[in-house]
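# Descriptive structure summary
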Amino acid sequence: MQGEQGFTFLELLRVLSIIVILTAVILPFSERRLLQVTEEDALKSFMVAVHETQLYAITHQEATRVEFRDEGNGYRAYRSDRTILLEGKFPEGMMKIPNDGLRDLSFSPSGNMSPTGKIKIRTKKSGQKTISFQFERGRMMISG
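What counts and what doesn't
- Within any chain, residue numbers begin from 1 and follow the written order of that chain's sequence.
- Given that this is a predicted model, residues contribute local features only at a pLDDT of at least 70 and side-chain atom pairs are listed and counted only at 80 or more, while totals for whole chains, interfaces and linings are drawn from all residues.
- Side-chain numbers here rest on the full set of heavy atoms in the structure, without hydrogens or water.
- Any two strands with at least two DSSP-identified bridges between them are counted as paired.
- Each helix is a run of H or I in the DSSP string that is no shorter than four residues. Each strand is a run of E no shorter than two, and both are numbered from the N terminus.
- To get an axis, a line is fitted to the C-alpha atoms, and for a helix only the part in contact is used. The angle between two axes follows their N-to-C directions and goes from 0 to 180 degrees.
- The contact rule is simple, with two residues in contact once any of their heavy atoms fall within 4.5 Å.
- Values of pLDDT, the confidence the predictor places in each residue, fall between 0 and 100.
- Throughout this description, buried means an accessible area under 20% of the type-specific maximum (1.4 Å probe, protein chains only), exposed means over 50%, and partly exposed covers the range between.

### A closer look at the sheet that holds strand β2 (residues 74–79)
Across a sheet, strands are paired by hydrogen bonds formed along the backbone, either parallel or antiparallel in direction. One open sheet holds the four strands; their spatial order is β3-β2-β1-β5, and the pairing between them is antiparallel. Where the open sheet ends on each side, the last strands, each with one partner, are β3 (84–89) and β5 (104–107). On average, each strand axis in the sheet is inclined to that of its neighbour by 15 degrees, with strand direction left out of account. Bridge analysis of β2 against β3 gives five bridges, and the strand direction is antiparallel. The residue bridging Arg76 from the neighbouring strand is Glu87, located in β3. Against the sheet, helix α1 (residues 9–60) engages β1 (64–69), β2, β3 and β5, with an angle of about 150 degrees to β1.

### A closer look at the confidence of the model for the protein
Per-chain confidence: the protein averages 86 in pLDDT, with 92% of residues scoring 70 or above. Averaged over each element, pLDDT in the protein is lowest for strand β8 (residues 139–143) (62) and highest for β2 (96).

### Looking at the environment of Gln128
Structurally, Gln128 can be placed in strand β7 (residues 128–136). Residue Gln128 is classed as partly exposed on the basis of its relative accessible area of 46%. It is 9.4 Å that separates the C-alpha atoms of Gln128 and Met94, two residues lying 34 residues apart in sequence.

In structure tokens form, the structure reads like this:
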């Protein structure tokens, strides 16, 4: 009929195939980026947990400690009486490497850390990250 407008089946099929190809190309990149962002967020959350544990020790004049658990897949902060202050878990594929230096992080009531040192964390996307714990002018510095 004259005057009818629309798309043919072949035209629709071409458009759909282009969309499928673009999706197949873009999806792996977005998954890798999401994994990288997730690992970065988990590392930042761990660093914040360490700072909060140290701050608790200073403000309450009480010894605190951060211990790794579940074979390095998670961590937990305790007061001196073993009351849990906070806990966290790394995403799948991310963990503290066993026997790499510091086994846990201990803070005295003044907030000083003993001993200082390094821990290594294995990530799925970024490989191995090293976090150094040291003091400069009485403050803890974390570098990764």
